[in-house]
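Listed here are the chains, written in short residue letters.
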Protein chains: 2
Amino acid sequence: MKNMNTELTAEWLLSNDDYLILCHRYPDGDTIGSAFALCRALIALGKNAAVICSDLIPSKYAYIYDNLNLPVFKEKNIIAVDVADPKLLGMLEEEYGGKVDLCIDHHGSNLKYAKRLLLDPKAAATGEIIYRLIPAMGVSIDKKMAEALFTAIVTDTGCFRYGNTTPETMRIGAELMSMGVDHEAINREMFDTKSRERMAVEQAVLSTLDYWCGGKCAVMYLTDEMIQKTNANEGDLEGLAPMPKRIEGVKIGITLRQGDEGYKVSVRTNPGIDACQICKKFGGGGHTAASGCFIKGTLSSVKEDLHIAISEVLGE
Amino acid sequence: MKNMNTELTAEWLLSNDDYLILCHRYPDGDTIGSAFALCRALIALGKNAAVICSDLIPSKYAYIYDNLNLPVFKEKNIIAVDVADPKLLGMLEEEYGGKVDLCIDHHGSNLKYAKRLLLDPKAAATGEIIYRLIPAMGVSIDKKMAEALFTAIVTDTGCFRYGNTTPETMRIGAELMSMGVDHEAINREMFDTKSRERMAVEQAVLSTLDYWCGGKCAVMYLTDEMIQKTNANEGDLEGLAPMPKRIEGVKIGITLRQGDEGYKVSVRTNPGIDACQICKKFGGGGHTAASGCFIKGTLSSVKEDLHIAISEVLGE
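The following paragraphs examine the structure supplied in this document. (Residues numbered from 1 in each chain as written. Chains lettered and ligands numbered in written order. Predicted model: local features only at pLDDT ≥ 70, side-chain atom pairs only at ≥ 80, totals over all residues. Heavy atoms only, no water.)

**Quick word on the pairing of strand β4 (residues 77-81) of chain B**
All names here are of chain B. The buried fraction of β4 is high, at 5 of 5 residues. By the alternation rule, side chains of β4 split into N77, I79 and V81 and I78 and A80, which are all buried. Sheet topology places strand β2 (residues 19-22) next to β4; 4 bridges connect them, and they run parallel. Its bridge partner lying in β4, L20 is registered against I78. In this structure, β4 lies alongside strand β5 (residues 102-105), joined through 3 bridges in parallel fashion. Each bridged residue has a counterpart across the sheet, and for V81 the counterpart in β5 is I104. (Buried < 20%, exposed > 50% of the residue type's maximum accessible area, 1.4 Å probe, protein only. Helix = DSSP H or I, 4+ residues; strand = E, 2+ residues; numbered from the N terminus. Pairing = 2+ DSSP bridges.)

**A short note on the environment of G272(B)**
Residues and elements named next belong to chain B. On the secondary structure map, G272 appears in the loop between β10 (262-269) and α11 (275-280). Residue classification places G272 among the exposed positions, given a relative accessible area of 79%. Sequence separation between G272 and K251 is 21 residues; the distance between their C-alpha atoms is 8.1 Å.

**Looking at the layout of surface pockets**
Space inside the second largest pocket adds up to approximately 190 Å³. The greatest single-element share of the lining of the second largest pocket, amounting to 5 residues, is contributed by helix α8 (residues 196-206) of chain B. (1 Å grid on protein atoms, 1.4 Å probe; cavity = no way out; pocket = protein on both sides within 12 Å on 5 of 7 lines; lining within 4 Å. Points joined across faces, edges and corners; volume = space filled by probe spheres on them.)

**A look at the packing of helix α5 (residues 143-157) of chain A against helix α7 (residues 183-192) of chain A**
Residue and element names in this part refer to chain A. One can describe the packing of α5 onto α7 by two numbers: an axis separation of 11 Å at closest approach and a directional angle of 45°. In terms of axis orientation, α5 runs oblique to α7. With respect to the hand of their crossing, α5 and α7 are arranged in right-handed fashion. Residues E147, F150, T151, V154 and T155 of α5 touch α7, and the partners they reach there are H183, I186, N187, M190 and F191. Class assignment for the residues of the contact of α5 with α7 results in 5 nonpolar, 4 polar and 1 charged. (Axes fitted to C-alpha atoms, helices over the stretch in contact; angles between N-to-C directions. Parallel < 35°, antiparallel > 145°, perpendicular 65-115°, else oblique. Left-handed = near helix turned anticlockwise from the far one by under 90°. Contact = heavy atoms within 4.5 Å. Nonpolar A, V, L, I, M, F, W, Y, C, P; charged D, E, K, R; others polar.)

**Things to note about the packing of aromatic side chains**
Enumeration over the complete set of coordinates arrives at 7 aromatic pairs over all chains. What links up through ring pairs into an aromatic cluster is the set F150(A), F160(A), F150(B) and F160(B). Looking at R196(A), its charged tip hangs above the ring of Y211(B), at a distance of 3.6 Å from the centre. (Phe/Tyr/Trp six-rings, centres within 6.5 Å; stacked < 30°, edge-to-face > 60°. Lys NZ or Arg CZ within 6 Å of the ring centre and 35° of its normal.)

**Some thoughts on unusual backbone geometry**
Positive phi outside glycine occurs at Y26(A), with the angle close to 45°. Relative to the helices and strands, Y26(A) resides in the loop between β2 (19-22) and α2 (29-44). Residue classification places Y26(A) among the exposed residues on the basis of a relative accessible area of 64%. One non-glycine residue, E261(B), lies in positive phi territory at about 60°. Summarising the element assignment, E261(B) is placed in the loop between β9 (252-259) and β10.

**Description of the interface of chain A and chain B**
Facing 39 residues of chain A, the contacting portion of chain B comprises 39 residues. Of all residues in chain A, R161(A), M170(A) and R196(A) give up the largest surface area on contact with chain B, accounting jointly for 19% of the area buried on that side. Between R171(B) and E175(A) there is a salt bridge, with its nearest N and O atoms 3.8 Å apart. One can count 12 residue pairs in polar contact (both at pLDDT 80 or more) joining chain A with chain B. Counting residues per element, the ones that place at least two in the side of chain A that touches chain B are α6 (167-178), α7 and α8 (196-206) of chain A. (Buried area = accessible area lost by both parts, 1.4 Å probe. Salt bridge = Lys/Arg side-chain N within 4 Å of Asp/Glu carboxyl O. Polar contact = N/O pair within 3.5 Å; in protein donor to acceptor, adjacent residues only side chain to side chain.)

**Describing the sheet that holds strand β9 (residues 252-259) of chain A**
All names here are of chain A. Read across the sheet, 6 strands follow the order β7-β8-β9-β10-β12-β11 without closing on themselves; strand pairing throughout is mixed. Two strands bound the open sheet, and with one partner strand each, they are β7 (210-212) and β11 (285-286). Note: strand β10 (residues 262-269) against strand β12 (residues 290-296), 7 bridges, orientation antiparallel. By the bridge assignment for β12, K264 is matched with F294. Sheet contacts for helix α12 (residues 299-313): β7, β8 (217-222), β9, β10 and β12; angle to β9, the most-contacted strand, approximately 155°.

**Regarding the side chain of K47(B)**
Residues and elements named next belong to chain B. Residue position: K47 is located in the loop between α2 (29-44) and β3 (49-52). Here K47 is buried and forms no salt bridge, its nearest opposite-charge partner D17 lying at an N-O distance of 5.2 Å. Looking at K47, its side chain comes within polar contact range of the main-chain oxygen of N16, at 2.6 Å. Aside from chain neighbours lying at most four places away, what touches K47 is L13, L14, S15, N16, D17, Y19 and L42. (Lys, Arg positive; Asp, Glu negative; His and termini not counted.)

**Let's talk about the environment of T157(A)**
All names here are of chain A. Within the element layout of this structure, T157 appears in helix α5. The sequence separation of T157 and D30 amounts to 127 residues, and the corresponding C-alpha distance is 9.8 Å. What T157 contacts, discounting residues up to four positions off in sequence, is A124, Y162, N164, T165 and T169.

As structure tokens, this is what we get:
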């Protein structure tokens, strides 16, 4: 594995051709935006390049690759963007997992599986790294590339809201906006639009909200019946888990989702409480602020098990 | 009325003293952050300055004025910040409405009621104008001023998400972050924290969601009984109106709130539909994307009146 910087990566890209760019599975704005911005830059240089992903790209990102005429060619060089672990290639892992010539990523947890690695863990999004790479190849960022990179950055930073946002992220955002990105339309699509089914699911889970330990813990649940009633799909169920911990005074937010003979438990905590410690009691794990586990039993027995564990953690 | 620029305003502030800075009623992050940043800068210059507002400043903004020792003095010069209309001074209008020596504002609709006006309608927040004004007075922006200005800007732009955000807004955000602002903590407080009562109100209004005209219009309502049941206060009810228009496919979002012998109607529209035109039919008005009116009657008669008007606008 060779560690690359922006200049070395630009040189390598300029001196080779026929690139296949891989996104990670369950693709998000950063992997998609970064991949297509790079693809457009390589095509602008007269190179052959294409993007693939093991999963369908959600239709809300379609503007990123409209009007893009991909050349027909046989790939010689494999690039993975925003892919920290070859497992994240999904179905593409078997064919390409061991053959990645260049990985461009911002995850500190990157497994260094590629022949060459351009890694910047301080970047809020892989899109920031691509933003520096494109001019280093002598290509000027056009409006479509700018839209793709802006999407990459806003989706990974919650529109400049999360702690990973740096002054450099803000400056790059300013530059991309100056290049004519319709930031209002992109932000509306990414952050302000919810499906009818999503609204119905939010209403349904909020109606189950319960508070424990004097309001320091908030719990809500989602049953198969609720999912059927609201006609929600998996996409509609994304991002529910952080909801309870956003309530004033809540230190631990818990979301239960009905599974096979039990409930999948998502624990989210505010600073000061270790979510992983809670989930380890039930054979699960994860990060300090976000962890998960599975508990067998009925809704009421699972809630009781959790209530006891949470009361211990909160010392009540 | 004299139109001022940044330099003239700085000169005037440097050559006078004993400033009373007024916020608008129902104070938000921009009026509070701008007022206290300016107040701290004037105090740093050895001047007397204080801030007042007709309404209580919500406790979530308390960090903006903690550790601020206000001098005791008799005011000689009145400054209004982010106050487009003297009526917005609330109870302070009677005493100060006609005596404002300097108004600093970013609303294009400013009524030009003050003796001196520093107006920049291109600024996303009054905080942007104050950001330029403080160094023009020879004061360097300290961490507390930076936090106040950052709060002003993020609250008026939805954390750099709305259309009013410009590349300049982003660059100012970058500079303020470089000055040591804990942007993650401020953003969590401003955007990610909701009261228990607010969660209950959201659940309650979402449970009333109804769709008209093939899903192009979404309607929800809030009755006195719902407010009582959820124990919500006025603060908990803020910002509900944009919820229905965020639903996929919805062009017109309507929120009804029970009032005296009728309902207060808030209309929010996505690009292409004029909310003001709809509200004018009922004697109301406002802006293209956000307007309001009052319709007398019962919930069902008000809904029927609106349904007819909306169907006409949507040509259905």
